[in-house]
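# Structure at a glance
Now for the letters of each chain:
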Amino acid sequence: MDSVFNLNALLLLNLALVSGLFFYLLIKIRRHPGVAYLTASLVPLIAFQLGSYLFSNWPNSADGARLLILAVILTPITIVPLSHTLGRTHPDHAQKTWIVYYALQILLLIFVTREIFEGRVIEWVTGILDQPIIIVEQTWRYYFFNVIASSILALMCFDRTLQAATKPQQEALKFVFIAFLGFTVYFSYLSANIVVSSYVSQSVVQSGAAIILCGLVLLAYGFAKYPFWEVTIRVSRHLLFGCLSATAVLMYLIVSGSILNVQTWLQPE
């Protein structure tokens, strides 16, 4: 009972934090239009936390499962725009490659969202096994390669921004970068789990709550100490997945694996 209460408290805390940050950024958009990209990137986190709360308390309910899957498929259209606009100067003309990318992602999002709420993506939600799980229909699991590919693209863009930044600019952006590194790799890991096994377990969802809390605390501190909207960086179009991102991803995987091991150890037999 105590573990359930603690989990609910964590999920509600996350939901309150991410909602507070979302509305805080909304009031900044008029003066700093670039903030809109970061505001939009918080939408999957809100959906994920609300879905996690519903899934943890009512495991057989389809609503929580739908929100969790929706949160994952929102990342290509919300986190990727942030990754290649954060702190950067705005180009005079939109690049055709990005126009094609977003047109495709919007079409995919509309189609998959409709399929989710019509019950064709999630095959079964059950709480009668060892732990509650969400089973994704076999043919739909391959769609999540799109999320994995988009996550890699986002990490490349974040890394390129930091490579082009000066030391003071890196200092101002580091908290946003670290937070979204965790968010991006977690959603990628979740997608890879769906591709491999066609289901999402409650333990994987719970590990996300701990990771998201750390990221939200970093974001809140970063907004207070280093307003990222005051940073302006000129970045070339060339993309490289540098040592910085590769090392950070490796460290994240080690930490997330440790969180899962601790959760397994704490669960009663």
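Right, let's walk through the structure included here. (Residues numbered from 1 in each chain as written. Predicted model: local features only at pLDDT ≥ 70, side-chain atom pairs only at ≥ 80, totals over all residues. Heavy atoms only, no water.)

## Overview of the nonpolar core
Leu-42, Phe-48, Phe-144, Phe-180 and Leu-219 are the most contacted members of the largest nonpolar core, which totals 64 residues. If we ignore the near neighbours within four places in the chain, the residues touching Phe-180 are Leu-38, Ser-41, Leu-42, Ile-79, Leu-82, Phe-158 and Leu-219. (Core = buried A, V, L, I, M, F, W, Y, C linked by side-chain atoms within 4.5 Å. Buried < 20%, exposed > 50% of the residue type's maximum accessible area, 1.4 Å probe, protein only. Contact = heavy atoms within 4.5 Å.)

## Some details on the packing of aromatic side chains
Within the structure shown, the criterion is met by 16 aromatic pairs. With a centroid separation of 6.1 Å and an interplanar angle of 80°, the aromatic rings of Phe-158 and Phe-177 are classed as edge-to-face. Pair noted here: Phe-158 is in helix H6 (residues 144–164) and Phe-177 is in helix H7 (residues 167–197), with a separation of 19 residues, a long-range link. Here Phe-158 and Phe-177 have matching classes, each one buried. Ring pairs connect the aromatic residues Phe-158, Phe-177, Phe-180 and Phe-183, which therefore count as one cluster. (Phe/Tyr/Trp six-rings, centres within 6.5 Å; stacked < 30°, edge-to-face > 60°. Helix = DSSP H or I, 4+ residues; strand = E, 2+ residues; numbered from the N terminus.)

## Comments concerning unusual backbone geometry
A positive phi angle, near 65°, is found at Ser-198, a position not held by glycine. Position of Ser-198 among the secondary structure elements: in the loop between H7 and strand S3 (199–201). Taking the relative accessible area as the measure of exposure, Ser-198 reaches 3% and is therefore buried.

## Digging into the sheet that holds strand S2 (residues 133–136)
Pairing within the open sheet is antiparallel, and its three strands lie in the order S1-S2-S3. The sheet is open, and its two borders are formed by strand S1 (122–126) and S3, each paired with just one other strand. Across the sheet, the axes of successive neighbouring strands diverge by a mean angle of 15°, strand direction being ignored. Two elements, S1 and S2, share four bridges in a ladder whose sense is antiparallel. By the bridge assignment for S2, Ile-122 is matched with Val-136. Contacting S1 and S2, helix H4 (residues 62–83) crosses the sheet at an angle of about 130° to S1. (Pairing = 2+ DSSP bridges. Axes fitted to C-alpha atoms, helices over the stretch in contact; angles between N-to-C directions.)

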